[in-house]
Amino acid sequence: MKAAVLALVFGLVIGLVAGCGGDERGEAVTLQLNWFHEAEFAGYYMAEAQGLYEDEGLDVTILEGGPGTPARETVLDGEATFAVTSFGEQVDMMTAGQPTIAVMAAFQIPPLVIFSLAASDIREPADLVGRRVGITTEYWAGILDDTLAAAGIDPAGVERVTAEPDDLRMLYDGQVDAWLGYAQDEPVKAQTAGYDVSSIFPADFGIGGYEGLLITHQATVSRSPDLVARFVKATYEGWRYALEHPDEAAEVLDSWAPTNGLEFQKKAVRAVAPLVDTPQVPVGWIDGARWQQLVGAGFDPENPGFTMRFSPETP
């Protein structure tokens, strides 16, 4: 009887050990996106799909964002290990003394565009004078004004038409001559609908800076620098893979965001590629001098808001 009991106990122990080993996962990491699933996050999806996070001993959960999801706050309150945020939001947190730090920048060139149908023959800011531009939010009104001013154009010479964010039919039907949006979104929708488009990038006139910033808590950097390094390395490799295999990246992206369809995703991945991969610096790179210039007078060397220590390459 005693032998039978011992055998049963031994069997249970072996089973538990085997069960634990078989279900062993990497170190848990949560990434909070700041918008819905789309091409601007392609590097993260490919790192997950290719097992690059797993290779680094990480079990990564990617959470979708949206208008009501302040991604940066999830890092501050400990709900997420990493989050994606905008440059402007990170500067606001720096100014407020919040302990977040940027460890990577997906976009070297911000994906902001002023676009029009090619038939409108709008190629530069001066061509917008006397034209109607669809304005969906105050943010985009500011981008338009800043771009015009930087190009030496009086913003008063451009007519603004209030529009709903998804009402691109106004552009197609000629109710407006131009629209503002993100390179991987609205212009691609127009192209997928069968229209040729022309785009003006505000970045060509000095508007915007780094975008798609990957941030974490300063305590995470201090406590777990190896974890941060492994996550950045895998993400970098994910972006490189996405850039080198755009159709495969589009298929993976389509599984995360199937609403727009595969052809849309193929165009979207190609739209972000030249904004992420520029010849001057490696993918994901944050340059200290450029960062300080973008922040301007509010830059605090004691709290710079970014670090280059985890960059997988050096220019």
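Residues numbered from 1 in each chain as written. Predicted model: local features only at pLDDT ≥ 70, side-chain atom pairs only at ≥ 80, totals over all residues. Heavy atoms only, no water.

> When you look at the packing of helix α10 (residues 225–244) against helix α12 (residues 262–276) in this model, what are you seeing that I'm missing?
Any two packed helices are characterised by the angle at which their axes cross and by the distance between the axes. Between α10 and α12, the shortest axis-to-axis distance is 10 Å and the interhelical angle comes to 125°. Taken as axis vectors, α10 and α12 run oblique relative to one another. Crossing of α10 over α12 shows left-handed handedness. Every residue of α12 that contacts α10 at W239, A242 and L243 is listed here: V269, V272, A273 and V276. When grouped by side-chain class, the residues that make up the contact of α10 with α12 number 7 nonpolar, no polar and no charged. (Axes fitted to C-alpha atoms, helices over the stretch in contact; angles between N-to-C directions. Helix = DSSP H or I, 4+ residues; strand = E, 2+ residues; numbered from the N terminus. Parallel < 35°, antiparallel > 145°, perpendicular 65-115°, else oblique. Left-handed = near helix turned anticlockwise from the far one by under 90°. Contact = heavy atoms within 4.5 Å. Nonpolar A, V, L, I, M, F, W, Y, C, P; charged D, E, K, R; others polar.)

> Please explain helix α5 (residues 87–95) as it appears in this structure.
Residues separated by three or four positions in an α-helix point in the same direction, a consequence of the helix having 3.6 residues per turn. Along α5, the positions that sit buried rather than exposed are F87, Q90, V91, M93 and M94. Mapping the buried residues of α5 onto a view down its axis gives an arc of 160°, with all of them on the same face. Among the exposed residues of α5, those oriented more than 90 degrees off its buried face are D92 and T95. Lining the buried residues of α5 we find α4 (71–76), β3 (82–85), β4 (100–107), β10 (211–217) and α13 (288–295). (Buried < 20%, exposed > 50% of the residue type's maximum accessible area, 1.4 Å probe, protein only. Arc of directions from axis to C-beta.)

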